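Remarks on the overall topology
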Amino acid sequence: ARLERLRKAREEKDFEKIFKPSFWSYSKSMLKQPISVLEGEKGDELEDTALRLFFTIQQHAGITPSSGSGFEEVEPEDCITMVQLAIQKCLEKESLCNEFYLQLVKQTTDQPDPNGRINIQNWRFLSLIAGIVVPRNRVILSYLQAHLRRCGIDSHTEEGKYAQFCMQCLNRTIQTKNRKYPPSYREVQCIIRRRPIHERFYFMDGQFRAIEFD
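Since the model is a prediction, treat every value here as computed from it, not as a measurement.

Criteria and cut-off values
- Residues numbered from 1 in each chain as written.
- Predicted model: local features only at pLDDT ≥ 70, side-chain atom pairs only at ≥ 80, totals over all residues.
- Heavy atoms only, no water.
- Phe/Tyr/Trp six-rings, centres within 6.5 Å; stacked < 30°, edge-to-face > 60°.
- Helix = DSSP H or I, 4+ residues; strand = E, 2+ residues; numbered from the N terminus.
- Buried < 20%, exposed > 50% of the residue type's maximum accessible area, 1.4 Å probe, protein only.
- Polar contact = N/O pair within 3.5 Å; in protein donor to acceptor, adjacent residues only side chain to side chain.
- Contact = heavy atoms within 4.5 Å.

**With respect to the packing of aromatic side chains**
Applying the stated rule across the entire model yields three aromatic pairs. Taking 6.2 Å as the distance between ring centres and 70 degrees as the angle between the ring planes, the aromatic pair formed by Trp-24 and Tyr-143 counts as edge-to-face. With Trp-24 in helix H3 (residues 21-24) and Tyr-143 in helix H8 (residues 138-151), the pair connects residues that are 119 residues apart, well separated along the chain. Note on Trp-24: relative accessible area 30%, which makes it partly exposed. The class of Tyr-143 is partly exposed, set by a relative accessible area of 32%. An aromatic cluster is built from Phe-23, Trp-24 and Tyr-143, whose rings are joined through pairwise contacts.

**Digging into the side chain of Thr-108**
Inspection of the secondary structure puts Thr-108 in the loop between helix H6 (94-107) and helix H7 (117-130). For Thr-108, the side chain forms a polar contact with the main-chain oxygen of Leu-104, separated by 2.8 Å. Apart from the residues within four sequence positions on either side, Thr-108 is in contact with Asn-119, Asn-122, Trp-123, Leu-126, His-147, Cys-151 and Glu-159.

**Considerations on unusual backbone geometry**
One non-glycine residue, Asp-110, lies in positive phi territory at about 55 degrees. When you line up the elements, Asp-110 lands in the loop between H6 and H7. Looking at Asp-110, the relative accessible area reads 57%, which means it is exposed. Of note in the backbone geometry, Lys-177 takes a positive phi value of approximately 80 degrees without being a glycine.

Set out below in structure tokens:
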């Protein structure tokens, strides 16, 4: 049914009549079905994985059944593990990567509190994956870039700062190609703060050099 709606919308060139704004914008409710069409031999399995990925976004943002209308803090170690597992799924399957980006764009669109903790958590997740893997679907990539440009217009807000940082991460990944592995614990800590990584490299004679990289 969703595929038929997409075809109908493409023919009529009026997506707003077929898909309501709530389909593309932030929601505290779980998705009932993936945003994109996941076709293939393991379609049902992919759809289940896609819905679990969205649940991961909600958990990472502090939205859980027990959080009510507020924010429930997630333990840092659990948070980083969730990030790594979700990004690993996106590295393994291109269609899941495309779907996950659409989910993150949805959760950072028309957020009622753009500088609140929930939205910042979603932007952090978007920054993390943008530095690892980019969607190969050109339409989704263009949609993502347009979203980042729009949200990054106001650089004085936290949302604007993260959107600009996200665009930098995305452009760098496009240039250097997708990585093979999820970010390390140290990487996650630095990226969510929009900071470069500082590490010390020790030599056999006991001396060391401090190096900064991103």
